[in-house]
Amino acid sequence: MVGTAEAAAPPAIVRNEKDGRFETEDKQAFLQYHLRDVTVLAVEGGQAKEKKKTAMDMVHTYVPRRKRGLGLAGHLCVAAFTHAQRNSMIVIPTCSYVSDTFLPRNPLWNSLVYKEERKSCDCLHSLLSLFRDNISPAFE
Ligand code: COA
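Here is what the cut-offs are and how they apply
- Every chain is numbered independently, its residues counted from 1 as its sequence is written.
- It should be noted that, the model being predicted, local features are given only for residues of pLDDT at least 70 and side-chain atom pairs only at 80 or more, the latter also being counted only at that level, while totals for whole chains, interfaces and linings use all residues.
- Heavy atoms from the whole structure form the basis of all side-chain values; hydrogens and water molecules are not counted.
- To qualify as a helix, a DSSP run of H or I must reach at least 4 residues; to qualify as a strand, a run of E must reach at least 2; elements of each kind are numbered from the N terminus.
- Between buried and exposed lies partly exposed: a residue is buried under 20% and exposed over 50% of the maximum accessible area for its type, with that area taken using a 1.4 Å probe on protein chains only.
- By definition in these notes, contact holds between two residues if any of their heavy atoms fall within 4.5 Å.
- Note on areas: these come from Shrake-Rupley sampling with a 1.4 Å probe, and a residue is covered only by the protein chains present in the view.
- Only centres within 6.5 Å qualify two rings of Phe, Tyr or Trp (six-membered ring in Trp) as a pair; their planes then separate them into stacked at under 30 degrees, edge-to-face at over 60, and tilted for everything else.
- Two conditions define a charge sitting above a ring: the NZ of Lys or the CZ of Arg must be within 6 Å of the ring centre, and it must be within 35 degrees of the ring normal.
- Whether two strands pair depends on DSSP finding at least two bridges between them.
- Lines fitted to the C-alpha atoms define the axes, with helices restricted to the stretch that makes contact. Angles between their N-to-C directions range from 0 to 180 degrees.
- In this context, the arc is that of the directions from the helix axis out to the C-beta atoms.
- N or O atoms within 3.5 Å of each other form a polar contact, as long as, within protein, one can give a hydrogen and the other can take it, and as long as residues adjacent in sequence are counted only when both atoms are side-chain atoms.

Visitor: Can you explain the overall build of the chain? Please cite residues and give values.
Guide: Helix and strand content of the chain: four helices and five strands. When the elements of the chain are put in sequence order from the N terminus, they spell out α-β-β-β-β-α-β-α-α. Of all 140 residues assigned to the chain, the portion counted as buried reaches 32%. Here the contacts in the chain between residues at least 6 apart in sequence split such that 51% fall between residues at least 24 apart. Just so you have it, the chain exposes about 9300 Å², and 55% of that area is on carbon and sulfur atoms.

Take a look at the structure:
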């Protein structure tokens, strides 16, 4: 049953660092990303601290028409998320395939996603610090 084994084998996905892509060996299917610096709020020793992190912004996924519907885009995502996890990056799922199809079907990867609340948290944290630093004794 060579045919079945071949059909079940996951396709080889390689990282093309120069072009910011995870792609099939023939380069026809790919997930395009940009690396960005972001600030996140991390709790260390009971204290919230701002930390710089690298985010992998997954901007576009493409699979040639004749190969669609076979899970190839999912394999590209797994390779990209695995790389992000191994390199302590967080992920921005800009591409609709990643946000609307891959993540709902593979929710374990949600832990890597850069959430809007973290940005809101950043703002809230800054406001609280500002308030704390400038608070009048009357309010203490
Ligand atoms: N956004 C979100 N999900 C999409 C989608 C899109 N633009 N296009 C297709 N999907 C979903 C389909 O609904 C399909 O769901 P089904 O399994 O219920 O039929 C699922 O993706 C198929 O998953 P998978 O087999 O892993 O994907 P694929 O290998 O067929 O590739 C795309 C999916 C989106 C990469 C491919 O259709 C493509 O290249 N489209 C043109 C480019 C594009 O629209 N890219 C996404 C926006 S950046």
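Visitor: Quick one: what's the story with the packing of aromatic side chains, residue by residue and with numbers?
Guide: The geometry of an aromatic ring pair comes down to the distance between the two centres and the angle between the two planes. Here the structure, examined in full by the defined rule, presents four aromatic pairs. Arranged with centres 5.5 Å apart and planes meeting at 50°, the rings of Phe-81 and Trp-109 form a pair that is tilted. One end of the pair, Phe-81, is in helix α2 (residues 72-86); the other, Trp-109, is in the loop between α3 (96-105) and α4 (116-134), and 28 residues separate them in sequence. Exposure remark for Phe-81: the relative accessible area of 0% places this residue in the buried category. Given a relative accessible area of 16%, Trp-109 falls into the buried group. Here a set of aromatic residues connected by ring pairs shows up, and it is made of Phe-81, Phe-102 and Trp-109. For Arg-21, the ring lying beneath its charged end belongs to Phe-30, and the centroid distance is 3.7 Å.

Visitor: I'd like a description of the pairing of strand β3 (residues 30-44), backed by residues and values.
Guide: Strand direction decides the pairing type here: strand β2 (residues 21-24) and β3, joined by three bridges, are antiparallel. Each bridged residue has a counterpart across the sheet, and for Phe-22 the counterpart in β3 is Leu-31. Between β2 and β3, which pair antiparallel and follow one another directly, the connecting turn spans five residues, one of which, Lys-27, has a positive phi of 65°. In terms of strand pairing, β3 meets strand β4 (residues 47-62) through 15 bridges, oriented antiparallel. Bridged to Ala-42 within β4 is Lys-49. Taking the residues between adjacent antiparallel strands as the criterion, β3 and β4 are bridged by two residues, where Gly-45 takes a positive phi near 55°.

Visitor: Quick rundown of the sheet that holds strand β1 (residues 13-16)? Include the residues and the values.
Guide: Here we have five strands laid out as an open sheet, ordered β1-β2-β3-β4-β5, and mixed in their pairing. Of all strands in the sheet, those with a lone pairing partner are β1 and β5 (90-92), marking the two edges. On average, adjacent strands in this sheet sit at an angle of 35° to one another, irrespective of strand direction. With respect to the sheet, α2 is in contact with β1, β2, β3, β4 and β5, its orientation differing from that of β4 by roughly 155°.

Visitor: Give me α3: which residues, what numbers.
Guide: Of all the residues in α3, the buried ones are Val-98, Phe-102 and Leu-103. Summarising the axial view, the buried residues of α3 lie within an arc of 90°, below the 170-degree limit, and thus occupy one face. The exposed set on the far side of α3, more than 90 degrees from its buried face, consists of Asp-100, Pro-104 and Arg-105. Lining the buried residues of α3 we find β3, β4 and α2.

Visitor: Account for the side chain of Asn-16, naming residues and giving values.
Guide: Considering the arrangement of structural elements, one finds Asn-16 in strand β1. Here Asn-16 falls in the buried class, since its relative accessible area comes to 10%. Within polar-contact distance, the side chain of Asn-16 engages the backbone nitrogen of Lys-18 at 3.3 Å. Setting aside residues no more than four positions away along its own chain, Asn-16 makes contact with Arg-21, Glu-23, Lys-27 and Tyr-33.

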